Amino acid sequence: MNDASAAPHDGRDHRAGDGDRDGTGESPVSRRRVLRTTAGAAGAGIALGALGTGAPAAATPKAEAGTGTGTETEAEAEAAAPARQGRTMAGVPFERRGTIRVGVVGLGNRGQSMLPLFLAMPGVQITAVCDPVVAQAERAVARVVAAGRPAPAVYTNGEDDYENLCARGDLDLVYVATPWELHFEMAKTAMLNGKHVGVECPAAMRLDELWALVDLSERTRRHCMQLENCCYGRNEMRVLRMAHAGLFGELLHGAGAYNHDLRELLFHPDYYEGPWRRQWHTRLRGDLYPNHAFGPIANYMDVNRGDRAVSISSFGTPALGLAAYREAHLPPGDPSRKESYVSADRTISMVRTAKGRIIRLEHDVSSPHPYSRINSLGGTKGVFEDFPARIYLEPEHSNHQWGSFTPYAEWDHWLWKEHANPPGGHGGMDYLMVFRLTQCMRLGLVPDFDVYDAATWTAPVPLSHASIKAQGAPLPIPDFTRGEWRKKRSGMDSDKPSE
């Protein structure tokens, strides 16, 4: 079942976070913790942006100076990558283990909603939980105990107590479900303490942070994974297998989006448990949430596994929607009246790959429209488009008419054949994501995606902002793999393993 048919959501429950809990009501980039850690991030020679405004680090020194033209050769773009500090994590398997001991950081609605999924997995134990809000931690403990498991250790002593959780010697994986601005520091801390880490979207908000995550993963030999659940949607996984089997011919173009009218939720006093998400609209002009759009298309095209994203050019409309909604629905004394929004109501980015393919990314949470992730893929033999799902492949379809996607169920991924009606939210994609992650850890398999994918799928956050400021100028996307992308390797299109 397509996720949109199950619920009008984006691939994760907004009450459950997209990184869920701040709990302070403070401006994200003004928080002491964020300032302290980003100021010391391993930028590998990349200039830092203005922290006080949330401006991103530039893609290259040329772009920082405003002279980037996007005409740099592929070799020059790869040469600009900082020297590798460790060894590649491409194709590196987990250590095989009988029990997966998990620490959960962030127990707002997203973290809470994921707890039952982890508890439903064979060989998984929730060892520790962390949230500065004591009531949420107590709620999480009660859920674990109600499932017949031992009560986890609890960390509620302020916003830095996750450091003590990460320092435990009895954890294998740290799962991070907190506000976006905290993801980098928490992932960094987990890896420095010898833990694998799975992070909700986006992985970080700046290019220097993304490079730091890559370097840390390579140095510590710990995986840092962007837990992009939309990659596990039934339609996404079916299209993936069809594309890799050659049904679309030579791939030419794809499109993905996060088009979801969130105006009411962004101003809701409790939905995001503070204004942290809305306030990002006062800082960055570009695509704040590209992962749902980029991840599945990158998988279809084997980005970082035979192709790579080389440049991005972004354009944005005026930022009118949030202010108009506020004027119509909020009282004059509401604190949001002091906010000035700069994020484009709709951002459109064009990504070019090394093989000359084009990927269109869209982001719009500020204007009225139906929910859509677009999820389109086209090649020399035909095209698929989602929301609603429809397909046109030669020679099955002709006369310029869309055909039904239902007859292609034989191409379902083995995960969907094995779990035809998975539990959990968003049409089951959350469940399958957790199942596959923990399966890979138990069996000692290579994860479906790695730190290079996390960095690539998140890079449009700062780069779209910079490109829009430069009137749509194309900017180079770093080669986070440092040349490893040329080697074909496994990814989401996995074979069913033997238990």
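The structure displayed is predicted, hence computed values, not measured ones. (Residues numbered from 1 in each chain as written. Predicted model: local features only at pLDDT ≥ 70, side-chain atom pairs only at ≥ 80, totals over all residues. Heavy atoms only, no water.)

Trainee: Looking at this model, I keep getting lost on the pairing of strand β4 (residues 173-176). Mind explaining?
Mentor: The two faces of the sheet receive side chains in turn, since in a regular strand these alternate between them. Residues L173 and Y175 line one face of β4 and the alternating positions V174 and V176 line the opposite face, and both faces are buried. As paired elements, strand β1 (residues 100-105) and β4 share four bridges and run parallel to each other. Pairing of V104 across the sheet is with Y175, part of β4. In this structure, β4 lies alongside strand β5 (residues 196-199), joined through four bridges in parallel fashion. Bridge pairing in β5 places L173 opposite H196. Regarding the hand of the β-α-β motif, the stretch spanning β4, helix α8 (residues 183-192) and β5 is right-handed. (Buried < 20%, exposed > 50% of the residue type's maximum accessible area, 1.4 Å probe, protein only. Helix = DSSP H or I, 4+ residues; strand = E, 2+ residues; numbered from the N terminus. Pairing = 2+ DSSP bridges. Right-handed = clockwise from strand over helix to strand, strands pointing away.)

Trainee: Is there a simple way to explain the packing of helix α9 (residues 207-220) against helix α17 (residues 451-458) in this structure?
Mentor: Packed helix pairs are specified by the crossing angle of their axes together with the interaxial distance, meaning the distance between the axes. For the pair α9 and α17, interaxial distance at closest approach is 9 Å and the crossing angle is 175°. Classified by the angle their axes make, α9 and α17 are roughly antiparallel. Residues L210, L213, V214, S217 and E218 of α9 form the contact with α17, whose participating residues are V451, Y452, A455 and T458. Here the residues of the contact of α9 with α17 are counted per class, giving six nonpolar, two polar and one charged. (Axes fitted to C-alpha atoms, helices over the stretch in contact; angles between N-to-C directions. Parallel < 35°, antiparallel > 145°, perpendicular 65-115°, else oblique. Contact = heavy atoms within 4.5 Å. Nonpolar A, V, L, I, M, F, W, Y, C, P; charged D, E, K, R; others polar.)

Trainee: How should I be thinking about the sheet that holds β5 in this particular structure?
Mentor: The strands that make up a sheet are held in pairs by hydrogen bonds between backbone atoms, and each pair lies either parallel or antiparallel. The strand order across the open sheet formed by six strands is β3-β2-β1-β4-β5-β6, and the pairing between neighbours is parallel. Taken across any chain shown, the strands that pair with only one partner, and hence form the sheet edges, are β3 (153-155) and β6 (224-226). With direction set aside, neighbouring strand axes in the sheet form an average angle of 25°.

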